[in-house]
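Architecture and fold: a report
Take a look at the letters that make up each chain.
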Amino acid sequence: MSAFIYAATRTPFGRFNGALAGVRPDDLAAAAITSTLATVPGLDPAAIDDVVWGNANGAGEENRNVGRMAALLAGLPVSVPGSTVNRLCGSSLDAAMTASRLVESGDAEVVLTGGVESMTRAPWVLPKPAKGFPAGDVTAVSTTLGWRLVNPRMPKEWTVSLGEANERLRERFGITRERQDAFAARSHRLAHAAWESGFYDGLVAPVEGVDLTRDEGIRAGSTPEVLAGLKPVFRTPEQGGTITAGNASPLNDGASAVLIGSETAAAAIGADPVARIAGRGVMALEPQDFGYAPVEAANRALARAGIGWDQVGAVEINEAFAVQSLACLDAWKVDPAVVNQKGGAIAIGHPLGASGGRVLGTLAKVLRETGQRYGVAAICIGVGQGLAVVLENCAVTGVRA
């Protein structure tokens, strides 16, 4: 039995402390659920066997199990269960992979997946004291991004910052600042063009009560020359620093949802499947090498799909950093023209738990638009992991309800 994508939508991605800053993450997740189910009005929500949701933080208003909370807030019947998975940046792609296994095993017919992150509203946390009434100061730690409350047993090289890890990746593969800035400018240009052409109409739904209809971080005027003027963030120019605020993904708020079901679920859903999940792959490396982990994850997904890179017509890779995206593309030796054709996370944004659903939903629509048969969605994950999914276009294979 195979698993299929039937529908996918997402919220616009807001900038840190931007238009979505006033919206709780569980409400963002509920908005993505509502908009996705609105695209399949024939589906009785009671027929949803499970909700599997991704979230990287979980420390605040996500309320530990945001998947269940969002399903209730979205008005799904209380009989629809929900769980939350955390594979950091890959959480919502992991949720979709988990759902596909449920369908393939026969344990479920229809599974609603997705992910959410409000990096703006991520709380500060305090470590609990060993004894009551400590006399000294206590430091509040931000949960927005990166390592926190690190176990001292962790080797120092594993716990370097995400940016420093990617500067090391840049040194390893000799990826220049110029290439990074050109890749970043392309992301903005293509994302802007995709919005202007109407590609994201129907794929992105506004959040009720918020005046935001497009991704907030896209800068149509970005050029390599403009980006070249930004200062490196993680190393000084004297230290050879190349990673800037312009060639790395920003901090964002947003949610995405993907409806997955069996082939026979088409009757209950009231729609044709869009794409078949043909292969899945996961890979782990040393934590500081996380940016390169999608390479083998995608290779494994392709092997399980029974195809090679020469058959892949579209690639969606989450642009956590331009340098790690370029390192992966160089390793795969794919045509850059088929990669992130509608822009990527550098422009669109990277709300951690929502990004996997974004790349998967975007890939499914790109395959439909281009008529290509196979595509790869891939994402790097902090602490040394990567995920990838191969999709097969149902319009090419002729799968119908």
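Everything in this summary refers to the structure shown in the same document. (Residues numbered from 1 in each chain as written. Predicted model: local features only at pLDDT ≥ 70, side-chain atom pairs only at ≥ 80, totals over all residues. Heavy atoms only, no water.)

**A word on the environment of V282**
Looking at where V282 falls in the secondary structure, it is placed in strand β9 (residues 275-284). Residue class for V282 comes out partly exposed when judged on its relative accessible area of 31%. Those residues within four positions of V282 in sequence are excluded, and the remaining contacts are R87, A297, R300, R304, G386 and L387. (Helix = DSSP H or I, 4+ residues; strand = E, 2+ residues; numbered from the N terminus. Buried < 20%, exposed > 50% of the residue type's maximum accessible area, 1.4 Å probe, protein only. Contact = heavy atoms within 4.5 Å.)

**Let's talk about empty space enclosed by the protein**
A full pass over the atoms with the stated rule returns two cavities of 30 Å³ or more. A volume near 40 Å³ is recorded for the largest cavity. In terms of lining, the largest cavity is formed by A8, T9, R10, L203, S256, A257, G357, R358, G361 and T362. Every element with two or more residues in the lining of the largest cavity is listed here: β1 (3-10), β8 (252-262) and α11 (355-370). Considering each element in turn, the lining of the largest cavity owes the most residues, four residues, to α11. (1 Å grid on protein atoms, 1.4 Å probe; cavity = no way out; pocket = protein on both sides within 12 Å on 5 of 7 lines; lining within 4 Å. Points joined across faces, edges and corners; volume = space filled by probe spheres on them.)

**Brief notes about the pairing of strand β11 (residues 374-381)**
Taken across its eight residues, β11 has eight buried, putting it largely inside the fold. Examined bridge by bridge, strand β10 (residues 312-317) and β11 share five bridges and lie parallel to one another. Bridge pairing in β11 places A314 opposite G375. Judged from the eight bridges that link them, β11 and strand β12 (residues 385-393) form a sheet pairing that is antiparallel. (Pairing = 2+ DSSP bridges.)

**Looking at the pattern of salt bridges**
For the structure shown, the criterion picks out 16 salt bridges. Taking the shortest distance from any N to any O, the salt bridge between D181 and R177 comes out at 2.8 Å. Pair noted here: D181 and R177 are both in helix α5 (residues 177-197), with a separation of four residues, about one helical turn. The same class applies to D181 and to R177, which are both buried. The network of salt bridges with shared partners includes E164, R168, E171 and R235. (Salt bridge = Lys/Arg side-chain N within 4 Å of Asp/Glu carboxyl O.)

**Quick look at the environment of Y200**
Mapped onto the fold, Y200 is located in the loop between α5 and α6 (224-227). Apart from the residues lying within four places of it in its own chain, the contact partners of Y200 are R10, A191, A194, W195, K342, I348 and T362.

**Description of the packing of aromatic side chains**
Scanning all chains against the criterion turns up four aromatic pairs. Ring centres of F199 and Y200 lie 5.0 Å apart, and the angle between their planes is 85°; on these two criteria the pair is classed as edge-to-face. Three or more aromatic residues joined by ring pairs form one cluster here, namely W195, F199 and Y200. Between the NZ or CZ atom of R10 and the centre of the ring of Y200, over which it lies, the distance is 5.2 Å. Here R172 stacks its cationic end above the ring of Y292, 5.1 Å away from the centre of that ring. (Phe/Tyr/Trp six-rings, centres within 6.5 Å; stacked < 30°, edge-to-face > 60°. Lys NZ or Arg CZ within 6 Å of the ring centre and 35° of its normal.)

**Remarks on α11**
With 16 residues, α11 ought to run about 22 Å at 1.5 Å a step, and its terminal C-alpha atoms sit 22 Å apart, in line with that. Of all 16 residues in α11, twelve are buried, a share of seventy percent or more. For α11, every residue scored as buried is listed here: S355, G356, G357, R358, V359, L360, G361, T362, L363, A364, V366 and L367. Just downstream of α11 lies G371, where phi reads positive at about 80°. (Expected span 1.5 Å × (residues − 1).)

**Re the packing of helix α4 (residues 162-173) against helix α9 (residues 322-332)**
Where α4 meets α9, the closest approach of the two axes is 9 Å, and the angle between their N-to-C directions is 40°. Viewed along their axes, α4 and α9 adopt a mutual orientation that is oblique. When you trace α4 past α9, the crossing you get is left-handed. Packed against α4, whose contacting residues are N166, L169, R170 and F173, the element α9 presents V323, Q324 and A327 at the interface. Of the residues belonging to the contact of α4 with α9, the class tally is four nonpolar, two polar and one charged. (Axes fitted to C-alpha atoms, helices over the stretch in contact; angles between N-to-C directions. Parallel < 35°, antiparallel > 145°, perpendicular 65-115°, else oblique. Left-handed = near helix turned anticlockwise from the far one by under 90°. Nonpolar A, V, L, I, M, F, W, Y, C, P; charged D, E, K, R; others polar.)

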